[in-house]
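Breakdown of the fold
Now for the letters of each chain:
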Amino acid sequence: MKFNDKVIDTQLLAELRDFVTVLSKQEDLEFDYHFGATIHIDDRQITASHFWDHRDEQVRSIGYKTDILLRSIGTMHYTSVSDWQKLKREVSQSPLPYFCEQLFTILEDVRLEEMIRSERRGTINWFRQRLNTYRHYFETQLNTNITRSYTLDELFCMIFLTVTSESPFVTFEQANDQQRETLKRLQPLLESVYEARSTKDVVNLTLDVKEALEEDYSDMINRYFVYPIQHQAAMTEEKVVDELKRVDPLNNDDEEDINDDDEVISETFSTWHRENENSDRNQSFMQFELEQGTKTNLIGDGARQTEEGDQAMASVQGMSAQTDQSEYEHLESLDEQKNKEANESEQYGKENRNTIKLNRYPTKPGEEDQAHYNELTKTIDPIRRKLSQTIDRALEHKQNATRQNLITGRLSKKQLLPLVIDNDPRVFYKNDLESHEFDAVFTLLIDCSASMFNKMDETKKAAILFHEVLKELKIKHNVIGFWEDGFDAKDDEQPNYFHRVITFDESLQTHAGPEILQLDPEEDNRDGYTIRVATEELLARQEKDRFLLVFSDGEPSAFNYSENGIIDTHEAVLEARKQNVDVVGIFLGEGEIKEHEAMLMRNIYGREHMLIPDLAELPDSFSYILKRLLLTTI
């Protein structure tokens, strides 16, 4: 799948998400790719720049990780929010807002990078590779801006190359005279970046450079960097990490001035205890959540900030006695209930918390359906017989095989010498008497999205082959067509249909099969959710070997699912394999397989996938997959 002309690498994305969680120590902080490397306060998200998207694999990985390091360790803990906000206010009135934004970002990153390199020596090589990539890029951009006469863009490239240079003498012979003279005047200012110890120092340096350029330059054309912090709501904390942990204030903002010297109220509060007889009252343990209220000037001892779920407590003295009130010690706490409900709502993945599973069953096939099914069965019969013969030969070979060099069994007349020369002779053998029955179960998932319109006929042939071969081998299986109802899908409800044309219970019955012809292309496909549901059903089976085959013609696409669908499906496949369910993805193409399509299947299914460019080859290719899987069970 492509976003901004790039293929999503699911393994790398999963690694970067874990990287963000570990470094930031914020479990709910997400990761994503963006125009620049930023911390989105409102979205609770750290992003890495699209700048790295088209680099080679090693540089791309290092680039993303250094972006995350700069934001999760540097900006979160060492950037002053108040000083940064001061800069934004000053810059908003300036004719050079883009230049100031990008200048502040690169200068602050120079300061933060040095701090991170000192704290984590293992990142030095990463940042060296990052710097080399950026320097090469801005050398190229410098020549481009000179050619296009983008004067401030040209000067910005020269500033970047100067402050990141390891040499004190940097010359730009190809640059215009005006920019070279300006850079010469700015040189003493720019050198002070190496002495900057705080965000305030970087802000002051940025404003000094701004004042030196305002009269002679108009703003930049290109945008290479953005502010390291993005937000919409008001920020009240000094550090970003504290802002992310901040508890939202009360909905109302009124205050009440109370003089606690004038009025003292003494009141006795009854409390309940399991050993305290208190039968004349129906009392309960009190719990509250405070969202609205009035602020007061009362000051108490040991005050702390309240949190959702705080409980009202009291300290009492009394006598123990039997009570006839209800006891609650064995009930779940509210927190435990909430956690349980949250886990249940996300048992099929957080992207699928609002899905609804709807089963659909086929109608009874008519004579016309039976006749059509018989015709299709004849077309795939040569492939079926060839596959069945291969499996039968493998079973016969296994049954006739013998185990040699045993301590007990039948005496091998050809192996009597060890009786004379060995202290522990093994001269016996046994014939294997294995059962012809397979201890395996299969599920075939068929993508019934609208894009399968031109592929459904050949897909049905492959499904018939699948069904007939497994029925002949007496292997239980089911065939399910899946899709999401795109018209009825909304934020809090996404209906997903499972068309169960062949069920486990009916799969070995003689009449089963024509129901496969009732599969039709429908609407969207939410693959990750479907794979999790099918895995759950396979795990409920008693068979030893479990196989899940997925027919699909491309990327998952459903309501609010397109961007995260690949990752969710990849995670669903990994979860299934960890539970010993073999998952194989089968891509159905229409001619030549494109590079991004091949990469898509590799990212989702790893090595266990097959690409079928010509649908006419589908039955033969699918036969190969079935043979390989069946032979592994023998």
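Residues numbered from 1 in each chain as written. Predicted model: local features only at pLDDT ≥ 70, side-chain atom pairs only at ≥ 80, totals over all residues. Heavy atoms only, no water.

A closer look at the sheet that holds strand β4 (residues 39-40)
Just so we agree on the cut-off: Whether two strands pair comes down to DSSP finding at least two bridges between them. Numbering of helices and strands starts at the N terminus; helices are DSSP runs of H or I of at least 4 residues and strands are runs of E of at least 2. Whether two residues are in contact is decided by their heavy atoms, any of which lying within 4.5 Å being enough. Helix axes are fitted only over the stretch in contact, all axes being lines through C-alpha atoms; the angle between N-to-C directions runs from 0 to 180 degrees.
The strand order across the open sheet built from four strands is β3-β5-β4-β6, with neighbouring strands paired in mixed fashion. If you trace the sheet from one side to the other, it starts and ends with β3 (30-34) and β6 (229-230), each paired once. Pairing analysis gives two bridges linking β4 to strand β5 (residues 45-49), with the strands arranged antiparallel. Looking at β5, one finds that His40 is bridged to Gln45. Relative to the sheet, helix α1 (residues 10-24) contacts β3 and β5, its axis offset from that of β3 by approximately 125 degrees.

A closer look at the environment of Thr171
What counts is decided by this rule: Burial classes follow relative accessibility: with a 1.4 Å probe on protein chains only, a residue under 20% of its type's maximum area counts as buried, one over 50% as exposed, and anything between as partly exposed.
By secondary structure assignment, the location of Thr171 is in the loop between α6 (151-163) and α7 (177-191). In this structure Thr171 comes out as exposed when scored by relative accessible area, which is 60%. Counting along the chain gives 13 residues from Thr171 to Met158, while the straight-line C-alpha distance between them is 9.2 Å.

Here we look at the pairing of strand β16 (residues 545-552)
Extensive coverage of β16 is indicated by the burial of seven of its eight residues. Relative to β16, strand β13 (residues 440-447) runs parallel, the two being bridged by seven bridges. Across the sheet, the residue bridging to Leu445 is Val550, located in β16. Pairing of β16 with strand β17 (residues 581-588) involves seven bridges; the strand directions are parallel. Note on β17: the bridge partner recorded for Phe551 is Ile586.

Points about a negative patch on the surface
Formally: Patch membership needs two things, relative accessible area over 30% and no salt bridge, and members are linked within 9 Å if like-charged or within 5 Å if nonpolar (Val, Leu, Ile, Met, Phe, Trp, Tyr). Note on areas: Shrake-Rupley, 1.4 Å probe, and residue coverage restricted to the protein chains presented here. Throughout this description, the term salt bridge denotes a Lys or Arg side-chain nitrogen within 4 Å of a carboxyl oxygen of Asp or Glu. Under the convention used here, Asp and Glu are negative, Lys and Arg are positive, and both His and the chain ends fall outside the count. In this description, the location of a charge corresponds to atom NZ of lysine, CZ of arginine, CG of aspartate or CD of glutamate.
Taken together, Asp488, Asp491, Asp492 and Glu493 make up a surface patch of like negative charges. For Asp492, the position within the fold is in the loop between β14 (476-484) and β15 (494-502). Given a relative accessible area of 56%, Asp492 falls into the exposed group.

Describing helix α8 (residues 199-213)
Definition in use: To estimate the expected span of a helix, subtract one from its residue number and multiply by 1.5 Å.
Helix length check: α8 (15 residues) gives 21 Å between terminal C-alpha atoms against 21 Å at 1.5 Å per residue, within 8%. Burial in α8 covers these residues: Thr199, Val202, Val203, Leu205, Thr206, Leu207, Val209, Lys210 and Leu213.

Focus: the packing of aromatic side chains
Under the convention used in this document: Two rings from Phe, Tyr or Trp (for Trp, the six-membered ring) form a pair when their centres sit within 6.5 Å of each other. Planes less than 30 degrees apart are called stacked, planes more than 60 degrees apart edge-to-face, and all others tilted. Sitting over a ring, as applied to charges here, requires NZ of Lys or CZ of Arg to be within 6 Å of the ring centre and within 35 degrees of the ring normal.
Going through the model one piece at a time under the given rule, you end up with 29 aromatic pairs. Ring centres of Phe138 and Tyr224 lie 5.0 Å apart, and the angle between their planes is 70 degrees; this geometry places the pair in the edge-to-face category. Note that Phe138 is positioned in helix α5 (residues 124-148) and Tyr224 in the loop between α8 and β6, a separation of 86 residues in sequence. Like Tyr224, Phe138 is buried. Relative to Phe547, the ring of Phe442 lies with its centre 4.6 Å away and its plane at 20 degrees, an arrangement referred to as stacked. Here Phe547 lies in strand β16 and Phe442 lies in strand β13, a separation of 105 residues in the sequence. For the pair shown, Phe442 and Phe547 are each scored as buried. Site record: aromatic cluster; members linked through ring pairs are Phe51, Trp52, Phe99, Tyr134, Tyr137, Phe138, Phe156, Phe160, Tyr224 and Phe225. Across from the ring centre of Tyr497, 5.3 Å away, lies the NZ or CZ of Arg360, which sits over that ring. The aromatic ring of Phe504 is capped on one face by Arg541, whose charged end is 4.6 Å from the ring centroid.

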